Amino acid sequence: QVQLVESGGGLVQAEGSLRLSCTASGRLFSGYNVGWIRQAPGKEREFVAGVDRSGAGYYANSVKGRFTISRDNAENTVTLQMNSLKPEDTAVYYCAADSDLSDLVRGLSDRWGQGTQVTVSS
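A few points on the structure.

Procedures and definitions
Residues numbered from 1 in each chain as written. Predicted model: local features only at pLDDT ≥ 70, side-chain atom pairs only at ≥ 80, totals over all residues. Heavy atoms only, no water. Helix = DSSP H or I, 4+ residues; strand = E, 2+ residues; numbered from the N terminus. Rg over C-alpha atoms; globule rule 2.2 N^0.38 Å. Buried < 20%, exposed > 50% of the residue type's maximum accessible area, 1.4 Å probe, protein only. Contact = heavy atoms within 4.5 Å. Lys, Arg positive; Asp, Glu negative; His and termini not counted. Charge placed at Lys NZ, Arg CZ, Asp CG, Glu CD. Disulfide = S-S within 2.5 Å. Salt bridge = Lys/Arg side-chain N within 4 Å of Asp/Glu carboxyl O. Core = buried A, V, L, I, M, F, W, Y, C linked by side-chain atoms within 4.5 Å.

Take the overall build of the chain next. Per the secondary structure count, the chain includes one helix and 11 strands. For the chain, the N- to C-terminal ordering of α and β elements is β-β-β-β-β-β-β-β-β-α-β-β. On C-alpha atoms alone, the chain measures out to a radius of gyration of 13 Å, which is about the 14 Å that the 2.2 N^0.38 rule sets for 122 residues. With the C-alpha coordinates aligned to their principal axes, the bounding extent of the chain is approximately 40 × 25 × 25 Å. A total of 122 residues make up the chain; the buried ones form 46% of that total. Within the chain, counting contacts between residues at least 6 apart in sequence, those at least 24 apart form 57% of the total. In the chain, the 12 positive side-chain charges and the 13 negative ones have mean positions that sit 1 Å from each other.

Shown next, in the form of structure tokens:
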């Protein structure tokens, strides 16, 4: 069973950068697709970015060119580098993992971290 812990959220001004990390405990981390899902107040969950078992990245159109996701299986860590942040990126960001990539993208994973707040001021 994989357990996920996020870190790295905070407050940043527009056009600034933040790096989020998701560290997993448990075995077989390399066997999971891992991603970031965010939820802003009053809005539905939104897929942000994911990395599959081969290391290929997937991004929502709203963050393409600004966010980069990567994984380090030796460290059981997935990192989301967020650049050129906008106020509309403000949300709680959750790390999620799933053996099914489509479930991950649809926000249907059954393995979630506790979330980390990202606030972007204008």
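There is more to say, and it comes next.
The next thing to look at is the state of the cysteines. The final tally for this structure, using the stated rule, is one disulfide. The disulfide bridge from Cys22 ends at Cys95, spanning 2.0 Å between sulfur atoms. What sets the handedness of the Cys22 and Cys95 disulfide is the S-S torsion sign, and at about -75 degrees it is left-handed. One end of the pair, Cys22, is in strand 3 (residues 18-25); the other, Cys95, is in strand 9 (residues 91-98), with 73 residues separating them in the sequence.

Okay, the pattern of salt bridges next. Considering all chains together, one arrives at five salt bridges under this definition. For Asp89, the salt bridge identified is with Arg66, shortest N-O distance 2.8 Å. With Asp89 in the loop between strand 8 (77-82) and strand 9 and Arg66 in the loop between strand 6 (57-59) and strand 7 (67-72), the pair connects residues that are 23 residues apart, well separated along the chain. Among the residues examined, Asp89 registers a relative accessible area of 1% and is labelled buried. Sharing partners across several salt bridges, the network here consists of Arg38, Glu46, Arg66 and Asp89.

Here the focus is the nonpolar core. Judged by nonpolar contacts, the single largest core of 29 residues is most densely connected at Trp36, Leu80, Met82 and Tyr93. Looking at this core, the elements that each hand over two or more residues are strand 3, strand 4 (33-39), strand 5 (46-51), strand 7, strand 8, strand 9 and strand 11 (116-121).

Before going further, it helps to examine unusual backbone geometry. Its identity is not glycine, yet Asn76 carries a phi of approximately 55 degrees, on the positive side. Relative to the helices and strands, Asn76 resides in the loop between strand 7 and strand 8. The phi angle at Ser84 is positive, at roughly 50 degrees, despite the residue not being glycine. Relative to the helices and strands, Ser84 resides in the loop between strand 8 and strand 9.

Note that all results are geometric; they support no functional claim without further evidence.
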